[in-house]
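One-letter residues, chain by chain:
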Amino acid sequence: MKLQDEEIYHRDALARTYVDLLQTSYASSGVFLAAPRRTGKTTFIKEDLNPLLATEGALVIYVDLWEDKAVDPAKVVIEGIRKAILGLEGMVLKGAKASGLTRFKVVGFEMDLAAIGTPDGMTISAALQVLSKMARKPIFLVIDEAQHAQTTEAGRAMLFALKAARDALMLDRSLFGFRLLATGSNSDKLTALINSKDQAFYKAPLEQLEPLGDDYLAWLRKTRGRQPMPAKGVLKQGFERMGHRPEPLKGVLKDLLKRSPGAAQADIDAQFLSLVEASLEADRDLFLRSIEGRDPLDAAVLFRMAKVDKFAPFDEASMESYRRARTARSPDDDTPISKSSVQSALERLRKDGLVWNHGRGAWVIEDSQHAAWLRSS
Ligand SMILES: Nc1ncnc2c1ncn2[C@@H]1O[C@H](COP(=O)(O)OP(=O)(O)OP(=O)(O)O)[C@@H](O)[C@H]1O
Ligand SMILES: [Mg+2]
């Protein structure tokens, strides 16, 4: 049996740019890379950047803090380091592990793999130093959806531990250096990780990942063979309307295939653009309906967050806006809205992945597309 995977457009030149940039001193305190949701961050990192880093001689540790949101971000990173150590020691460690041992002697260190990052065990910094000695290569730690680290106490502590590791690995000339690359889907959230003095990666540079563009569309056209396709400029216009997201574009092209066999080019173009609008409209309606279906206070809080520049959940203007929104929906409901009910609404919204909070009060809507829809409704 052979299963076909989704084809990927490889962004080799972009990977080369980042691999070069990451080796310069500009990147020494870490690089933060932002791009909106569903625009191809993870694909670029896993398919293009990490393989090139590895080919160029780096030891790459990749972790995705969103893979399982229930697992503490600190645990995910520690697990990534542990796997890298196990991977290097290969057979020796596998044998030992199979026999139930967790303490190993590696390059003259005795280490308890099960205890990395725990109060009794080895620190993250020490574990990374051991790894550097074993691998004799620069270590690149790539953290996908890094803003999630800010959501737990252990996650925040882990960022400081990584900073200590970075400094230790870079200062010790007998080691091979360290780089951190962190991605996130919202530059506001990533900015929160680097813009204040009490942040571990204060002043690290923030880059916007270039969205998929003309070269991706040319590749897509090629892979579609003789299927009906809109003209070059029209395809580009539709892709931009959809925020450079491959998934809705592919959906629209599939619908186009059903609708316009044998049609003239001008008709194909018109059909395509109307399918794009219909697809956007459907996504927007679905989202807004899902918000209307929530607890009225959840909806009121979310709308307020989208519509004001500096959202303060409990100030009088916000409380008044919740009361007005509630009265508009249920005129007879006059139960007071308390701070704790607003807090519960925020928690529900966060649990469902609609909003994000960096631990010191600032709330942000998770998906910039959602924020735009809420503002315009
Ligand atoms: N280079 C590419 N070639 C083909 N398809 C792509 C490419 N990049 C992204 N995609 C498609 O776009 C979708 C989103 O990609 P991906 O998961 O990499 O984005 P993301 O920005 O990491 O999303 P999220 O915000 O959910 O983490 C996937 O279906 C993926 O297959
Ligand atoms: Mg991703």
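As recorded in an unreviewed UniProt entry, the protein chain goes by the name ATP-binding protein, listed as coming from Variovorax paradoxus.

Q: If you had to explain the packing of aromatic side chains to someone new, which residues and values would you point to?
A: To describe a pair of aromatic rings, you give the distance between the ring centres and the angle between the ring planes. Applying the stated criterion to the full structure yields 7 aromatic pairs. Their ring planes at 55° and their centres at 6.1 Å tell us that Phe 32 and Phe 201 sit as a pair that is tilted. With Phe 32 in strand E1 (residues 31-34) and Phe 201 in the loop between helix H6 (187-194) and strand E7 (206-208), this residue pair connects regions lying 169 residues apart in the sequence. Aromatic ring contacts, followed pair by pair, group Tyr 9, Tyr 216, Trp 219 and Phe 239 into a single cluster. Sitting above the plane of the Phe 44 ring, Arg 11 keeps its charged end 5.7 Å from the centroid.

Q: Residues and numbers for the side chain of Ser 132, please.
A: Considering the arrangement of structural elements, one finds Ser 132 in helix H4 (residues 124-135). A polar contact is formed between the side chain of Ser 132 and the backbone nitrogen of Phe 176, at a distance of 3.4 Å. Ignoring any residue separated from it by four or fewer positions in sequence, one finds Ser 132 in contact with Lys 137, Ile 139, Leu 169, Leu 175 and Phe 176.

Q: Provide a residue-level description of the pairing of strand E6 (residues 178-184), including the pertinent values.
A: With 7 of 7 residues buried, E6 lies mostly within the body of the structure. Every second residue of E6 is oriented toward a common face, with Phe 178, Leu 180, Ala 182 and Gly 184 on one face and Arg 179, Leu 181 and Thr 183 on the other, all of them buried. Looking at chain direction, E1 and E6 are connected through 4 bridges and run parallel. Within the sheet, the bridge partner assigned to Ala 34 lies in E6 and is Gly 184. Two strands pair when backbone bridges link them, and strand E5 (residues 139-144) and E6 are joined in this way by 5 bridges, in the parallel orientation. Residue Ile 143 lies in a different strand from E6, and its bridge partner there is Ala 182. For the segment spanning E5, helix H5 (residues 153-171) and E6, crossover handedness is right-handed.

Q: Describe the site of ligand 1, with residues and values.
A: In the vicinity of ligand 1, 16 residues are found, and the nearest of them are Arg 37, Arg 38, Lys 41, Thr 42 and Thr 43. Arg 38 places a polar side-chain atom, nitrogen or oxygen, 2.7 Å from an oxygen atom of ligand 1. Note that an oxygen atom of ligand 1 is positioned 3.3 Å from one of the backbone N or O atoms of Thr 39. Within the complex, the protein chains bury 89% of what would otherwise be the 630 Å² of accessible surface of ligand 1. Put simply, the parts of the chain that give the shell around ligand 1 at least two residues each are helix H2 (41-55) and helix H9 (246-259).

Q: Mind laying out the packing of H9 against helix H10 (residues 265-292), listing which residues take part and the relevant values?
A: Remark: H9 packs on H10, axes separated minimally by 9 Å, with the N-to-C direction vectors making an angle of 135°. Comparing the axis directions of H9 and H10 gives the class oblique. With respect to the hand of their crossing, H9 and H10 are arranged in right-handed fashion. Contacts between H9 and H10 involve Pro 248, Leu 249, Val 252, Leu 253, Asp 255, Leu 256 and Arg 259 from the first element and Ile 268, Gln 271, Phe 272, Leu 275, Val 276 and Ser 279 from the second. Split by residue class, the contact of H9 with H10 holds 9 nonpolar, 2 polar and 2 charged.

Scoring rules and cut-offs
- Residues numbered from 1 in each chain as written.
- Chains lettered and ligands numbered in written order.
- Predicted model: local features only at pLDDT ≥ 70, side-chain atom pairs only at ≥ 80, totals over all residues.
- Heavy atoms only, no water.
- Phe/Tyr/Trp six-rings, centres within 6.5 Å; stacked < 30°, edge-to-face > 60°.
- Helix = DSSP H or I, 4+ residues; strand = E, 2+ residues; numbered from the N terminus.
- Lys NZ or Arg CZ within 6 Å of the ring centre and 35° of its normal.
- Polar contact = N/O pair within 3.5 Å; in protein donor to acceptor, adjacent residues only side chain to side chain.
- Contact = heavy atoms within 4.5 Å.
- Buried < 20%, exposed > 50% of the residue type's maximum accessible area, 1.4 Å probe, protein only.
- Pairing = 2+ DSSP bridges.
- Right-handed = clockwise from strand over helix to strand, strands pointing away.
- Near = heavy atom within 4 Å.
- Areas by Shrake-Rupley, 256 points an atom, 1.4 Å probe, with all protein chains shown as cover.
- Axes fitted to C-alpha atoms, helices over the stretch in contact; angles between N-to-C directions.
- Parallel < 35°, antiparallel > 145°, perpendicular 65-115°, else oblique.
- Left-handed = near helix turned anticlockwise from the far one by under 90°.
- Nonpolar A, V, L, I, M, F, W, Y, C, P; charged D, E, K, R; others polar.

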